[in-house]
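Chain residues, written in single-letter form:
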2 protein chains.
Amino acid sequence: MELSHRKVTKTMRFVDQQGTLLSNQKVSVKQTNHAFLFGCGAFDFIPYVLGGEDKYKQLTDKWLEIFNYATLPFYWGNFEPEEGKPNTEVLMNTAKYLTDKGVKVKGHPLCWHTVCADWLMKYDNATILEKQLERIDREVKGFKGVIDMWDVINEVVIMPIFDKYDNAITRICKEKGRVGLIKEVFDRAYADNPDAVLLLNDFNTSINYEILIDGCLNAGVPISAIGIQSHQHQGYWGKEKLEEVLDRFSHFGLPIHFTENTLISGNIMPSHIVDLNDWQVEEWPSTPDGEQRQAKEIEEMYRILFSHPLVEAITTWDFTDGAWLKAPSGFVRLDGSKKPSFEMLKKLVKEEWWTDMTVTTDENGCVTVDAFKGDYEISCDGKKVKTELLDDEEMVVMI
Amino acid sequence: MELSHRKVTKTMRFVDQQGTLLSNQKVSVKQTNHAFLFGCGAFDFIPYVLGGEDKYKQLTDKWLEIFNYATLPFYWGNFEPEEGKPNTEVLMNTAKYLTDKGVKVKGHPLCWHTVCADWLMKYDNATILEKQLERIDREVKGFKGVIDMWDVINEVVIMPIFDKYDNAITRICKEKGRVGLIKEVFDRAYADNPDAVLLLNDFNTSINYEILIDGCLNAGVPISAIGIQSHQHQGYWGKEKLEEVLDRFSHFGLPIHFTENTLISGNIMPSHIVDLNDWQVEEWPSTPDGEQRQAKEIEEMYRILFSHPLVEAITTWDFTDGAWLKAPSGFVRLDGSKKPSFEMLKKLVKEEWWTDMTVTTDENGCVTVDAFKGDYEISCDGKKVKTELLDDEEMVVMI
């Protein structure tokens, strides 16, 4: 597996505060974070930050053993159940708790037809759109500096023909068309925070989504990255499909984020189910065999994605079993214990793809290291500096 | 069936050359052409114009009994089999023959991956695109005033993934993306003839085509009308599908042209065939039962389309049986005799939806007629005028 795009070959020249070369010195190069975004749903952080309960503390501490990237829920219907009373403070405190730990936070989503605010439906379409855009202003400006990454709009391929129930967003998407609505919400989010990473996100990986992206880009929609969902409750896609999807969505040359990944450790959902939400079960146990399978699939899938130059993020949707659809979709079981998938992913993220080495400078005070891109703590001569290693350019380290 | 959108309620006031009201006079109101485009493939006109053979004279005269709108072939591979030697003269003479008869002509198509010029493949992609755009300049400018209606680009949904054989257009579509290539060719055709009717045309009527059109319109592509193919060799769509397609493609508010309609009078092609071109048979007879069925289907389909306000054109692809795929897809049999579908469509176009009446002016010299939109010859007091009846605005006829 070719991973050179994930690494730097960095020459560092060490000098002390007086500018004297530090020759023949031991240097410790310890990675502290990945440039790559290893993400997971971080919904469990909300009750912890709100109430401080120990059970959440234990969960979230396990979460932090692996991940550097969190998805927080901004579903309009839950975020602002009553018009004018958004849960801003709770989300802000949670986001800050995460960023203080070095975790990048993404808000999900700003516009979606599901879990939408019911109170919107009393307005006419022009007013709904106005309120949608004001909502974007409020969140994107309000969280700027804490959250600079957004799933701007979710599942647009189905949005105007979604017919499970009436909702305000399907109404305006039907009227404005898919690309028209995408353009409105992206233009607004971009105006609110031009430095933000703005994602289009969909579970539809067919040619429909390709044509939608193609249209958006030609219409000048400021999409920073393509979001691809991969909820595999009905079985692992496998290498072939995964590579085929990567191949098709690479044509645009944009970064690709796997935004919502699910691989389960229990029985597979029957293939005749079209909308995953239609599969409602009393319980959905995690099994020993399923856990081995999940760990293997996680390994294969993450290896393939990490080796693809355009993939910049992989987010597994559930950290704990039993969340969405009660599926055994997490890295930890219902009792909080770690599954083989947890250990597998931790090994990849914090050992195999992680740099922690000791080297010795030559007589010119130089070392050249082959290191995964990310944040580092570099120690030499009893002192430490923090730095980023992101490119191959030679660097002087004054220590 | 509501047809008010196809008609005018026109009050005409008749005066003689001295301005005297022509009261209580008989007026004959005879339609000479439809505003609606009743079209058919007009490939048979080419050998007639070239060679004047009687068999083609008989065919094309029958064609002219019904149709006012002709599709002429501009397939690049046939139009310019050797680079720099296009068959311009033959097409120009045929187009002029048709326009002299009051027939509007459309050129089909300017860009397509099928029947493409093989000699393009020796060039790199930048050169292929340049030659494609020059080709558009040559045809659209060269035929301006004779042909002002073009299928600019054909079957783009499949274009970049078409894999039956290598061809120059799939190559550039793969590189530029669907919307990117559509924009290039449309912008060029529009620059060459801003008054032309420019069509996007596809056989794919799925959500893919909807999203493609949506993207194009948001990207500012100057599409005048949406072209929908309806080759029904595998059986008539039926009322429900037809109305569903009309409904979905009406959202854009653009005129809709049914550009390539086929209903056959023989055995139906099996449904497992995906690409119609894969059905190669020695012969495909027209049967008496099939001919009755075809006439009924033609009637129902044309009635539905004519009653839809956004439909402006219906073109049946083959006039004569045995052309594409040897199918019994025409209005006349292989021996040139008229099928029931011919008589049925002629009855609709030239009787039921046709205006030919005699009325009497009142004491103010006025008559009000309820007439199908189109061209008219109006006679009164032994004299004739030609005029168009297209709106309800009151009109003074000086005769």
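See the structure shown above.
The notes below deal with the structure included here. Because the structure is predicted, anything quoted here is derived from the model rather than measured. (Residues numbered from 1 in each chain as written. Chains lettered and ligands numbered in written order. Predicted model: local features only at pLDDT ≥ 70, side-chain atom pairs only at ≥ 80, totals over all residues. Heavy atoms only, no water.)

Along the backbone of chain A there are 11 helices and 15 strands. For 399 residues, the compact-globule formula gives about 21 Å, and the C-alpha radius of gyration of chain A, at 23 Å, lands near that figure. On the principal axes, the C-alpha backbone points of chain A span a range of 75 × 50 × 45 Å. For chain A, the proportion of its 399 residues judged to be buried stands at 56%. Across chain A, the fraction of contacts at a sequence separation of at least 24, relative to all contacts at a separation of at least 6, is 77%. Summing over all exposed atoms, chain A offers an accessible surface of approximately 16700 Å²; the carbon and sulfur share of this is 48%. In chain A, 44 positive and 64 negative side-chain charges are present, and the distance between their average locations comes to 2 Å. (Helix = DSSP H or I, 4+ residues; strand = E, 2+ residues; numbered from the N terminus. Rg over C-alpha atoms; globule rule 2.2 N^0.38 Å. Buried < 20%, exposed > 50% of the residue type's maximum accessible area, 1.4 Å probe, protein only. Contact = heavy atoms within 4.5 Å. Areas by Shrake-Rupley, 256 points an atom, 1.4 Å probe, with all protein chains shown as cover. Lys, Arg positive; Asp, Glu negative; His and termini not counted. Charge placed at Lys NZ, Arg CZ, Asp CG, Glu CD.)

Each partner contributes to the interface: chain B provides 15 residues, whereas chain A provides 15 residues. Counting each side, the surface lost to burial between chain B and chain A is near 1400 Å², with a carbon and sulfur contribution of 62%. On inspection of chain B and its partner chain A, the count reaches 0 salt bridges. Remark: the boundary between chain B and chain A carries 5 residue pairs in polar contact (both at pLDDT 80 or more). Elements that contribute at least two residues to the side of chain B that touches chain A include exactly α7 (178-192) and α8 (207-218) of chain B. For the side of chain B that touches chain A, the leading source of residues is α8 of chain B, giving 8 residues. Looking at the side of chain B that touches chain A residue by residue, the classes come out as 7 nonpolar, 5 polar and 3 charged. (Buried area = accessible area lost by both parts, 1.4 Å probe. Salt bridge = Lys/Arg side-chain N within 4 Å of Asp/Glu carboxyl O. Polar contact = N/O pair within 3.5 Å; in protein donor to acceptor, adjacent residues only side chain to side chain. Nonpolar A, V, L, I, M, F, W, Y, C, P; charged D, E, K, R; others polar.)

In terms of nonpolar packing, the biggest core is built from 231 residues, with Trp 63 of chain A together with Trp 63 of chain B touching the most fellow members. Sequence-distant contacts of Trp 63 of chain A, defined by excluding residues within four places in its chain, comprise Cys 40, Gly 41, Ala 42, Phe 45, Tyr 69, Ala 70, Leu 98, Val 103 and Phe 319 of chain A. Ile 264, Ile 273, Leu 276 and Ala 327 of chain B belong to the second-largest nonpolar core, a separate cluster that totals 8 residues. (Core = buried A, V, L, I, M, F, W, Y, C linked by side-chain atoms within 4.5 Å.)

With that out of the way, let us pick up the pattern of salt bridges. By the definition in use, this model includes 62 salt bridges over all chains. Between Lys 30 of chain B and Asp 356 of chain B there is a salt bridge, with the nearest N and O atoms lying 3.4 Å from each other. In this pair, Lys 30 of chain B is assigned in strand β2 (residues 26-34) and Asp 356 of chain B in strand β11 (residues 356-360), connecting sequence segments 326 residues apart. A salt bridge links Lys 106 of chain B to Asp 151 of chain B; its shortest N-O distance comes to 3.1 Å. A residue pair is termed long-range when its members are at least 10 positions apart, and Lys 106 of chain B in strand β5 (residues 104-108) and Asp 151 of chain B in strand β6 (residues 149-154) qualify at 45 residues. Like Lys 106 of chain B, the residue Asp 151 of chain B is buried in the burial classification. One connected set of salt bridges, linked through shared partners, spans Glu 80, Arg 135, Arg 138 and Glu 139 of chain A.

Residues and elements named next belong to chain B. Read from one edge of the open sheet, 3 strands run β12-β1-β15, paired in mixed fashion. Since the sheet does not close on itself, it has two edges, and those belong to β12 (366-372) and β15 (395-398), each with one partner. Recorded for the sheet is a direction-independent mean angle of 40° between the axes of neighbouring strands. (Pairing = 2+ DSSP bridges. Axes fitted to C-alpha atoms, helices over the stretch in contact; angles between N-to-C directions.)

Residue and element names in this part refer to chain B. Strand order in this open sheet of 4 strands is β11-β2-β13-β14, and the pairing throughout is antiparallel. Two strands close off the open sheet at either side, each with one partner strand: β11 and β14 (383-389). Looking at each pair of strands side by side, their axes are set apart by 25° on average, direction ignored. Summarising the sheet, strand β13 (residues 374-380) and β14 pair through 7 bridges and their orientation is antiparallel. Each residue of the ladder has a partner; that of Asp 375, found in β14, is Glu 388.

Residue and element names in this part refer to chain B. On inspection of all chains with the given rule, the structure shows 0 disulfides over all chains. Here Cys 173 is not cross-linked by a disulfide; its sulfur's nearest cysteine counterpart is in Cys 111, at 7.8 Å. Among the cysteines around Cys 216, which has no disulfide bond, Cys 173 carries the closest sulfur, lying 10 Å off. The exposure class of Cys 216 is buried, given its relative accessible area of 0%. (Disulfide = S-S within 2.5 Å.)

All names here are of chain A. With respect to the helices and strands, the residue Thr 205 is situated in the loop between β7 (197-202) and α8 (207-218). Linking Thr 205 and Leu 390, residues 185 residues apart in sequence, is a C-alpha distance of 31 Å. Look past the residues within four positions of Thr 205 in its chain and what remains in contact with it is Ile 228, Gln 229, Trp 237, Lys 241, Val 245, Arg 248 and Phe 249.

Looking now at the side chain of Arg 6 of chain A. Residue and element names in this part refer to chain A. Within the secondary structure layout, Arg 6 lies in the segment before β1 (7-15). As a buried residue without a salt bridge, Arg 6 has its nearest oppositely charged side chain in Glu 312, at a separation of 6.8 Å. There is a polar contact of 2.7 Å between the side chain of Arg 6 and the backbone oxygen of Val 311. Not counting residues up to four positions away in its chain, the partners in contact with Arg 6 are Phe 36, Leu 305, Phe 306, His 308, Pro 309, Val 311, Ala 371, Phe 372 and Lys 373.

The next thing to look at is the packing of helix α7 (residues 178-192) of chain A against α8 of chain A. Residues and elements named next belong to chain A. Packing of α7 against α8 brings their axes to within 10 Å, and their N-to-C directions diverge by 55°. Between α7 and α8, the interaxial angle falls into the category oblique. Here α7 runs over α8; the crossing is right-handed. On the side of α7, the interface is formed by Arg 178, Val 179 and Ile 182, while α8 contributes Leu 212, Gly 215 and Cys 216. Tallied by class, residues from the contact of α7 with α8 come to 4 nonpolar, 1 polar and 1 charged. (Parallel < 35°, antiparallel > 145°, perpendicular 65-115°, else oblique. Left-handed = near helix turned anticlockwise from the far one by under 90°.)

Let us look at α8 of chain B. With 12 residues, α8 of chain B should reach 16 Å at 1.5 Å per residue; the first-to-last C-alpha distance of 16 Å fits that figure. The buried count for α8 of chain B comes to 10 of 12 residues, which makes it a mostly enclosed element. Buried within α8 of chain B are the following residues: Ile 207, Asn 208, Tyr 209, Glu 210, Ile 211, Leu 212, Ile 213, Asp 214, Gly 215 and Cys 216 of chain B. In this structure, the buried residues of α8 of chain B make contact with α7 and α8 of chain A together with α7, β7 (197-202), β8 (225-231) and α9 (238-250) of chain B. For α8 of chain B, the side-chain oxygen to backbone nitrogen distance between the N-cap and Asn 208 of chain B is 3.0 Å, and the N-cap itself is Ser 206 of chain B. Positive backbone phi, approximately 80°, marks Gly 220 of chain B, located one or two places after α8 of chain B. (Expected span 1.5 Å × (residues − 1).)

Okay, the relation of the copies chain B and chain A next. One copy of the chain maps onto the other through a rotation about an axis plus a displacement along that axis. When chain B is fitted onto chain A, the two copies agree to an RMSD of 0.1 Å after a turn of 180° and an axial shift of 0.1 Å. Here the copies are linked by what is in effect a two-fold axis. When the interface residues of chain B are mapped onto chain A, 100% of them are again interface residues, pointing to one common binding face. (Least-squares fit on C-alpha atoms with pLDDT ≥ 70 in both.)

Moving on, we come to the packing of helix α2 (residues 54-66) of chain B against helix α11 (residues 340-352) of chain B. Residues and elements named next belong to chain B. Close contact between α2 and α11 brings their axes to 8 Å; oriented N to C, the two are set at 40°. One way to sum up the angle between α2 and α11 is to call them oblique. Contacts from Lys 62, Leu 64, Glu 65 and Ile 66 in α2 reach Phe 342, Leu 345, Lys 346, Val 349 and Lys 350 in α11. Partitioned by chemical class, the residues of the contact of α2 with α11 number 5 nonpolar, no polar and 4 charged.

This paragraph deals with unusual backbone geometry. All names here are of chain A. Geometrically, the link from His 108 to Pro 109 is a cis peptide bond, its omega value of -25° lying close to zero. Examined against the element boundaries, Pro 109 turns out to sit in the loop between β5 (104-108) and α5 (125-142). Phi is positive for Leu 325, which is not a glycine, with a value near 65°. Along the chain, Leu 325 falls in the loop between β10 (311-316) and α11 (340-352). Overall, the relative accessible area of 8% leaves Leu 325 in the buried class.

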